[in-house]
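Examining the three-dimensional arrangement
Listed below are the residues making up each chain.
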Amino acid sequence: MRVLLVGAGGVGTAVTRIAARRPFFDRMVVADRDPARAGAAVAALGGEGARFRAEHVDAGDEDGVVALLARHGCDVLLNATDPRFVMPLFRAARRAGTTYVDMAMSLSRPHAERPYEECGVKLGDEQFARSGEWAAAGALALVGMGVEPGLSDVFARYAADELFDGIEEIGVRDGANLTVDGHGFAPSFSIWTTIEECLNPPVVYEEDRGWFTTEPFSEPEVFDFPAGIGPVECVNVEHEEVLLVPRWVDARRVTFKYGLGREFIDTLRTLRLLGLDRTEPVAVPGPQGPVRVSPRDVVAACLPDPATLGGRMRGKTCAGTWVRGVKDGAPREVYLYHVVDNQWSMAEYGCQAVVWQTAVNPVVALELLAGGAWSGTGVLGPEAFPAEPFLDLLTAYGSPWGLREQ
């Protein structure tokens, strides 16, 4: 297997450090619009970096990506960029005839008249609209294969196959007790992505209604997370699992709730109030005349790079899937989860916990694809594949998962 990894930020760098320890691929080309960043990711591997090469590419330049795939004979494109670049990279992979894997899906657009009641364009709609084209070509696009979405979806499939006879509700629940020394507000993941998923109308799925939307940060609940994290208030946010799980797993209701904390929510609301969540460029005075910049990009530039926070970060992060249903005629409720301690991920890989937890899952998926344990055609989510091989291999990577009866 020869892989083109596009994006050498926090998650992309973590991908290289995890993959370097695995033998399933022959070459990984690490490409970024910042050549220095791609070079640093490869250089950091030291003696383990012989199978890696740094390149420059603009993720929005389809022709450039197609040419890079051809030049290195890559048969897989792994997208580690932010969601703005999903569609250019998705299209480039199809043009080049390569497998495509991402960790976030094509962007949504709220309903013009009823944004908090009805869906407009949903996450992934643009990709799923092209599933027939991929299937006809015998090609695979594996979408939403990070941790959330990704591992959370694998948990949903495992629960349906192994733990329940019927499922009432699947709820992804994400919480942490992470702190960053010296920073009052320092998101542990891309602020661009965080704003997108937290301020867009959250989507809920119900069997009788289909997909519908609600107000941001709605339906607060306190969820007790394992591994000493404890109770965290979680709220609805927009996330891909709600759009993915019902396509392959029968459940009467599907939700995603994120443990953000009141201060974090208030900061995001302030960004929206000031218009700083906007992506459309605005004119800003400059020394040589007005320049046009995206307010959201300004916010991102003013905050610390999440990849640099690991040394000042303390605590654990937990991603998991809560499932309620029936087994052998009796009610059952479980939480399947994966916890990463920042102290461990920094000591073992030099990566902070959130980006490491996101990165390990596409590497596991690539290894399953390389070995044939996972295969398929069309645009498919993680739920379309058997869960047990994935969970076994994740454990073999030294990062076991857990199951708690509720």
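The following paragraphs examine the structure supplied in this document. (Residues numbered from 1 in each chain as written. Predicted model: local features only at pLDDT ≥ 70, side-chain atom pairs only at ≥ 80, totals over all residues. Heavy atoms only, no water.)

Another aspect to go through is the overall build of the chain. Looking only at helices and strands, the chain has 14 helices and 20 strands in total. On C-alpha atoms alone, the chain measures out to a radius of gyration of 20 Å, which is about the 22 Å that the 2.2 N^0.38 rule sets for 406 residues. With the C-alpha coordinates of the chain rotated into their principal frame, the extents come out at 60 × 50 × 45 Å. For the chain, with 406 residues in total, the buried portion stands at 56%. (Helix = DSSP H or I, 4+ residues; strand = E, 2+ residues; numbered from the N terminus. Rg over C-alpha atoms; globule rule 2.2 N^0.38 Å. Buried < 20%, exposed > 50% of the residue type's maximum accessible area, 1.4 Å probe, protein only.)

Turning to the packing of aromatic side chains, a few remarks are in order. Evaluated as defined, the whole model comprises 18 aromatic pairs. Measuring from ring centre to ring centre gives 5.5 Å for W374 and F390, while their planes differ by 25°; the resulting arrangement is stacked. Of this pair, W374 sits in the loop between α13 (353–371) and β19 (378–380) while F390 sits in helix α14 (residues 387–396), and the two are 16 residues apart along the sequence. Relative accessible area serves as the criterion here: at 1%, W374 is assigned to the buried category. Assessed through its relative accessible area of 0%, F390 is described here as buried. Here the aromatic residues F223, F225, Y335 and Y337 are joined through ring pairs into a cluster of three or more. Looking at R21, its charged tip hangs above the ring of Y349, at a distance of 3.9 Å from the centre. Stacked on the ring of F128, the Lys or Arg R247 has its end atom at 3.7 Å from the ring centre. (Phe/Tyr/Trp six-rings, centres within 6.5 Å; stacked < 30°, edge-to-face > 60°. Lys NZ or Arg CZ within 6 Å of the ring centre and 35° of its normal.)

With their axes 10 Å apart at the nearest point, helix α7 (residues 151–163) and helix α9 (residues 240–248) run at an angle of 30° to one another. In terms of orientation, α7 lies roughly parallel with respect to α9. Note on packing geometry: the crossing formed by α7 with α9 is right-handed. Mapping the contact onto sequence places S152, D153 and A156 in α7 and E241, L244 and V245 in α9. Per-class residue counts for the contact of α7 with α9 are 3 nonpolar, 1 polar and 2 charged. (Axes fitted to C-alpha atoms, helices over the stretch in contact; angles between N-to-C directions. Parallel < 35°, antiparallel > 145°, perpendicular 65-115°, else oblique. Left-handed = near helix turned anticlockwise from the far one by under 90°. Contact = heavy atoms within 4.5 Å. Nonpolar A, V, L, I, M, F, W, Y, C, P; charged D, E, K, R; others polar.)

This paragraph deals with α13. The first and last C-alpha atoms of α13 sit 27 Å apart over 19 residues, in line with the 27 Å expected at 1.5 Å per residue. Taken across its 19 residues, α13 has 17 buried, putting it largely inside the fold. Measuring from the backbone nitrogen of V354 back to the side-chain oxygen at the start of α13 gives 2.8 Å, which picks out Q352 as the cap. Trailing α13 by a residue or two, G372 shows a phi angle of about 90°, which is positive. (Expected span 1.5 Å × (residues − 1). Polar contact = N/O pair within 3.5 Å; in protein donor to acceptor, adjacent residues only side chain to side chain.)

As for its position among the elements, V147 is in the loop between β6 (140–142) and α7. Residue classification places V147 among the buried residues on the basis of a relative accessible area of 8%. On a C-alpha basis, the gap between V147 and A67 in space is 30 Å, while along the polypeptide they are 80 residues apart. Look past the residues within four positions of V147 in its chain and what remains in contact with it is S152, A319, Q357, T358 and N361.

Here the focus is the sheet that holds strand β5 (residues 99–102). Taken in spatial order, the 7 strands of this open sheet run β3-β2-β1-β4-β5-β6-β19, and their pairing is parallel. Among the strands making up the open sheet, the edge pair consists of β3 (52–56) and β19. Direction aside, the axes of adjacent strands within the sheet are offset by 20° on average. The sheet strands contacting helix α1 (residues 10–19) are β1 (2–6), β2 (27–32), β3 and β4 (76–79), and the helix crosses β2 at an angle near 165°. (Pairing = 2+ DSSP bridges.)

What follows is about the side chain of S108. The topology assignment puts S108 in the loop between β5 and α5 (125–128). Among the polar contacts listed, one links the side chain of S108 to the side chain of N200, at a separation of 3.3 Å. At 2.6 Å, the side chain of S108 forms a polar contact with the side chain of E238. Other than its neighbours up to four places away in sequence, S108 contacts V121, K122, L123, E196, N200 and E238.

The nonpolar side chains of soluble globular proteins are, as a tendency, buried together. Formed by 93 residues in total, the largest nonpolar core has its most connected members in M28, V30, F52, I170, L260, W374 and F390. Per-element tally for this core: the top contributor is α13, with 11 residues. Every residue in contact with F390, bar those within four places of it in the chain, is listed here: M145, L151, V154, N361, V364, A365, L368 and W374. L69, L77, F85 and A141 belong to the second largest nonpolar core, which has 28 residues in total. (Core = buried A, V, L, I, M, F, W, Y, C linked by side-chain atoms within 4.5 Å.)

Here E148 and P149 are connected by a cis peptide whose omega angle stands at 0°. Along the polypeptide, P149 turns up in the loop between β6 and α7. Phi at A227 takes a positive value of approximately 60°, unusual for a residue other than glycine. If you check the backbone angles, D328 has positive phi at about 55° while not being a glycine. Among the secondary structure elements, D328 is positioned in the loop between β17 (316–327) and β18 (330–341). Its relative accessible area of 65% is what places D328 among the exposed residues.

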